[in-house]
Amino acid sequence: MPIVKNTKPATFIFEDDGLTPNNVLPLVIYKRALDLDSGAPERTIQELFGANGWGQDIWRNGIYDYLHYHATVHEVLGIARGHGRVRFGGDAGREFELDAGDVAILPAGTGHQCLRSMDDFSVVGAYPPGAKMQVTRPTPENHAAALKTIPVVKLPDSDPVAGKDGPLVKLWRG
């Protein structure tokens, strides 16, 4: 398992902009949280997420370059390699620089889009147990449907980085 270096995450809340619903729960970002000195950082992140209960539908790739959100499930993004500039919160959201070792945990409905990345930008994504991930584009029809599904998305039992007693559990359960 990687060494978790920083378990005090930053949090950000984005307002519903009429197309991107976002969530009343905060986006959680761990900066330089993981020591990824191994030769297989993707596998290391995947094993960490799985061990902490976020092993559903794990994928490895980048982050889509178009604005989207997931209205049926929360998502974790672990940066395995490289660097990217990602906007969270929709068109009126905020841009973040993400580097290898960073982790972003998105509550259902949080808009996200990769604006720029290095060629070697590699991301591991995963979801807690529950509904399947669906990519949703911001349209009036999708927004109306998302306002019904987002409030019933089950809260995760653990933090994908720090486990059952991790900060995410406290932050999202209040």
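An account of the accompanying structure is given in this report. What you see is a predicted model; the values in this text were computed from it and never measured.

Looking at the environment of Asp65
- With respect to the helices and strands, the residue Asp65 is situated in the loop between strand S5 (56-61) and strand S6 (75-81).
- Take Asp65: its relative accessible area is 59%, and that puts it in the exposed class.
- Considering only alpha carbons, one finds Asp65 and His112, 47 residues apart in sequence, at a separation of 8.8 Å.
- In this view, Asp65 contacts Gln113 and Cys114; residues no more than four positions away in its chain are not counted.

Things to note about the sheet that holds strand S10 (residues 112-117)
- Across the sheet, three strands lie side by side as S8-S7-S10; this open sheet has antiparallel pairing. Of all strands in the sheet, those bounded by a partner on one side alone are strand S8 (94-99) and S10. Shown here is a sheet whose adjacent strand axes are inclined to one another by a mean of 30°, direction ignored.
- In terms of strand pairing, strand S7 (residues 83-88) meets S8 through six bridges, oriented antiparallel.

A look at the nonpolar core
- Tyr30, Leu34, Ile45, Phe49, Val76, Val103 and Ile105 are the most contacted members of the largest nonpolar core, which has 19 residues in total.
- Where this core is concerned, the elements lending two or more residues are strand S3 (27-30), helix H1 (41-51), S6, strand S9 (103-106), strand S11 (122-127) and helix H3 (167-173).
- For this core, the leading source of residues is H1, giving three residues.
- Non-local contacts of Phe49, meaning those with residues more than four positions away in its chain, are made with Trp54, Gly55, Val76, Leu77, Gly78, Val103, Val124, Ala126 and Pro160.
- If you look at the next biggest cluster of nonpolar residues, it comprises 16 residues, including Phe12, Ile63, Cys114 and Phe121.

Some details on the environment of Ala51
- When you line up the elements, Ala51 lands in helix H1.
- The class of Ala51 is exposed, set by a relative accessible area of 54%.

Some remarks on the pairing of S6
- Across the seven residues that make up S6, a large majority, six, are buried.
- Looking at chain direction, S6 and S9 are connected through four bridges and run antiparallel. Within the sheet, the bridge partner assigned to Val76 lies in S9 and is Ile105.
- Strand direction decides the pairing type here: S6 and S11, joined by five bridges, are antiparallel. Paired with Gly78 across the two strands is Val124, which belongs to S11.

As for the packing of aromatic side chains
- Following the criterion strictly, the structure yields three aromatic pairs and no others.
- Plain terms: the ring middles of Phe12 and Phe96 are 4.8 Å apart, the flat faces sit at 70° to each other, and that makes the pair edge-to-face. Of the two residues, Phe12 is situated in strand S2 (residues 10-12) and Phe96 in strand S8; the sequence distance between them amounts to 84 residues.
- An aromatic cluster of at least three residues, connected via ring pairs, comprises Phe12, Phe88 and Phe96.

Describing the pairing of S9
- What you see with S9 is no split at all: Val103 and Ile105 on one side and Ala104 and Leu106 on the other are buried throughout.
- In this structure, S3 lies alongside S9, joined through three bridges in antiparallel fashion. Residue pairing across strands places Tyr30 opposite Val103, the latter belonging to S9.

How each quantity is defined
Residues numbered from 1 in each chain as written. Predicted model: local features only at pLDDT ≥ 70, side-chain atom pairs only at ≥ 80, totals over all residues. Heavy atoms only, no water. Helix = DSSP H or I, 4+ residues; strand = E, 2+ residues; numbered from the N terminus. Buried < 20%, exposed > 50% of the residue type's maximum accessible area, 1.4 Å probe, protein only. Contact = heavy atoms within 4.5 Å. Pairing = 2+ DSSP bridges. Axes fitted to C-alpha atoms, helices over the stretch in contact; angles between N-to-C directions. Core = buried A, V, L, I, M, F, W, Y, C linked by side-chain atoms within 4.5 Å. Phe/Tyr/Trp six-rings, centres within 6.5 Å; stacked < 30°, edge-to-face > 60°.

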